[in-house]
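Each chain, written out:
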Amino acid sequence: MKALLSTGFLWILCALSAAAENPSPGCSSLQQANYPKASITNGQVQAVLYLPDAKNGYYRASRFDWSGVIPCLAYKGHTYFGIWFPHYDPLLADAIAGPVEEFRSNDGALDYGQAKPGELFVKLGVGVLRKRDDSAYQFMYTYPLVDGGKWTVQAKPSEVSFRQQLQSPIGIAYDYEKTVRLDPHDPVLILAHRLKNTGTKTIDTEVYDHDFFMLDGAPSGPGMIVRFPFAPKAEKSMEPLAGIDGKEIVYRQELQGEQYVESFLTGYSSFTSDYDITVEDQNTGVGVEQIGDVPISRFNFWSIHTTICPEAYIHLVIAPGQTARWNIRYRFYAK
């Protein structure tokens, strides 16, 4: 197998070429994008993934984990993720798509709070960053990347695995793997994670999946629902644009222009079974169910006209030498 090491990124060329020979018919327009990418399918679901690359990658900002960017996923002629934002720049914090994840510690990123201006801190899934000034961490600001570590990407017909190995001069180091895999039999996408602490400091962080659901590009409005196994309670009112009806978030109006709804939610328990979220367009019967295998630690809901984002956080505390594992499953359906 021929491999090329360039600017800290290891590409498994023959695997990526094999995946590129199986384009995703529901996402054909994304095949023409001039970014490092791979396509996967299990015969039912087709998806395109953009790959991490510090020079040419689609996403090069410092907010989100660079692995697992999915600008398109299709099933039975329907699409579930897409480009939800009006303006693109690779260094924009939220110019990203799909079930992407952000690691967020109490002070925003690992060691950000104790770093002085010009000193270093670490954002998991991104790398070693440089602090700008004495202000609090700003997730929408793109901090200068000092060291992105070593990324290894392997693509197969139905899965892509990402591995980031990072060392830093501040005692934070890790070996992070994420595999984006399609189930061989069902319309299910699995995000399988492994994070090993190879440094000298404990890694204490939350991580959440922003999701950025777009069901056939339909607007956020009446007929769209978000369903939970518990009765959620909003910390701040989402009325009159949206509200809670039993165990569902429902839209009262179609969101327009700069309108948005956002609130942290409570009502979930410490049981893993509460991490079971369904987003459905009841007008068409198209939907997706998201299930995690770690209890929810916090929950934020955010939505604008183009996307619906149920953000379930989990909490990870990983001592030096220890490893954390967690999985998220997405089941796509069209009634």
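Residues numbered from 1 in each chain as written. Predicted model: local features only at pLDDT ≥ 70, side-chain atom pairs only at ≥ 80, totals over all residues. Heavy atoms only, no water.

## Thoughts on the overall build of the protein
- In terms of helices and strands, the protein carries one helix and 25 strands.
- Its C-alpha radius of gyration of 19 Å places the protein within 12% of the 20 Å reference for a compact globule of 335 residues.
- In terms of overall dimensions, the protein has a C-alpha envelope of 50 × 45 × 35 Å along the principal axes.
- For the protein, buried positions account for 56% of its 335 residues.
- Counting only contacts in the protein whose residues sit at least 6 apart along the sequence, the fraction spanning at least 24 positions is 62%.
- Put simply, the protein shows about 13700 Å² of open surface, and 50% of that area lies on carbon and sulfur atoms.
- For the protein, the distance from the average position of its 30 positive side-chain charges to the average position of its 37 negative side-chain charges is 6 Å. (Helix = DSSP H or I, 4+ residues; strand = E, 2+ residues; numbered from the N terminus. Rg over C-alpha atoms; globule rule 2.2 N^0.38 Å. Buried < 20%, exposed > 50% of the residue type's maximum accessible area, 1.4 Å probe, protein only. Contact = heavy atoms within 4.5 Å. Areas by Shrake-Rupley, 256 points an atom, 1.4 Å probe, with all protein chains shown as cover. Lys, Arg positive; Asp, Glu negative; His and termini not counted. Charge placed at Lys NZ, Arg CZ, Asp CG, Glu CD.)

## Side note on the layout of surface pockets
- For the largest pocket, the calculated volume is near 310 Å³.
- Considering the residues around the largest pocket, the lining is formed by 16 residues, among which Arg63, Phe139, His210, Glu262 and Trp302 are closest to the centre.
- Going through the elements one at a time, strand S20 (261–266), strand S23 (298–304) and strand S24 (307–318) are the ones with two or more residues in the lining of the largest pocket.
- In terms of residues, the lining of the largest pocket owes the most to one element, S23, which gives three residues.
- Here the lining of the largest pocket is composed, by residue class, of eight nonpolar, two polar and six charged. (1 Å grid on protein atoms, 1.4 Å probe; cavity = no way out; pocket = protein on both sides within 12 Å on 5 of 7 lines; lining within 4 Å. Points joined across faces, edges and corners; volume = space filled by probe spheres on them. Nonpolar A, V, L, I, M, F, W, Y, C, P; charged D, E, K, R; others polar.)

## Focus on the nonpolar core
- Formed by 94 residues in total, the largest nonpolar core has its most connected members in Leu73, Tyr80, Val160, Leu189, Phe301, Trp326 and Phe332.
- Considering each element in turn, this core owes the most residues, seven residues, to S24. (Core = buried A, V, L, I, M, F, W, Y, C linked by side-chain atoms within 4.5 Å.)

## Focus on the state of the cysteines
- Evaluation of the coordinates by the stated rule reveals one disulfide.
- Here Cys309 stays free of any disulfide, with the sulfur of Cys72 as its closest cysteine sulfur at 17 Å. (Disulfide = S-S within 2.5 Å.)

## A look at the side chain of Arg104
- Assignment of secondary structure puts Arg104 in strand S7 (residues 101–104).
- By relative accessible area, which is 16% here, Arg104 ends up buried.
- Every residue in contact with Arg104, bar those within four places of it in the chain, is listed here: Arg63, Lys123, Phe139, Thr205, Glu206 and Tyr208.

## So, empty space enclosed by the protein
- Summed over all chains, the structure comprises four cavities of 30 Å³ or more.
- Approximately 70 Å³ is the volume attributed to the largest cavity.
- Forming the boundary of the largest cavity are 13 residues, of which Val207, Tyr275, Ile314, Trp326 and Ile328 lie nearest the centre.
- Each residue belonging to the lining of the largest cavity can be placed in one class, and the counts come to eight nonpolar, two polar and three charged.

## As for the pairing of strand S5 (residues 69–75)
- Of all the seven residues making up S5, seven are buried; the element is thus mostly covered by neighbouring parts of the structure.
- Note: strand S4 (residues 45–50) against S5, five bridges, orientation antiparallel. Opposite Ala47, over in S5, you have Leu73 as the bridge partner.
- In the sheet, S5 pairs with strand S6 (residues 78–81) via three bridges, with the strands oriented antiparallel. By the bridge assignment for S6, Tyr75 is matched with His78.
- Between S5 and S6, which pair antiparallel in sequence order, lie two residues; one of them, Lys76, sits at a positive phi of approximately 50°. (Pairing = 2+ DSSP bridges.)

## Points about the sheet that holds strand S10 (residues 145–147)
- One open sheet accounts for three strands, arranged S8-S9-S10; its pairing is antiparallel. Pairing within the sheet leaves two strands with one partner each, and these edge strands are strand S8 (120–123) and S10. Between one strand and the next, the sheet's axes are offset by a mean angle of 45°, whatever the strand orientation.
- Pairing of S8 with strand S9 (residues 127–130) involves four bridges; the strand directions are antiparallel. Each bridged residue has a counterpart across the sheet, and for Lys123 the counterpart in S9 is Gly127. (Axes fitted to C-alpha atoms, helices over the stretch in contact; angles between N-to-C directions.)

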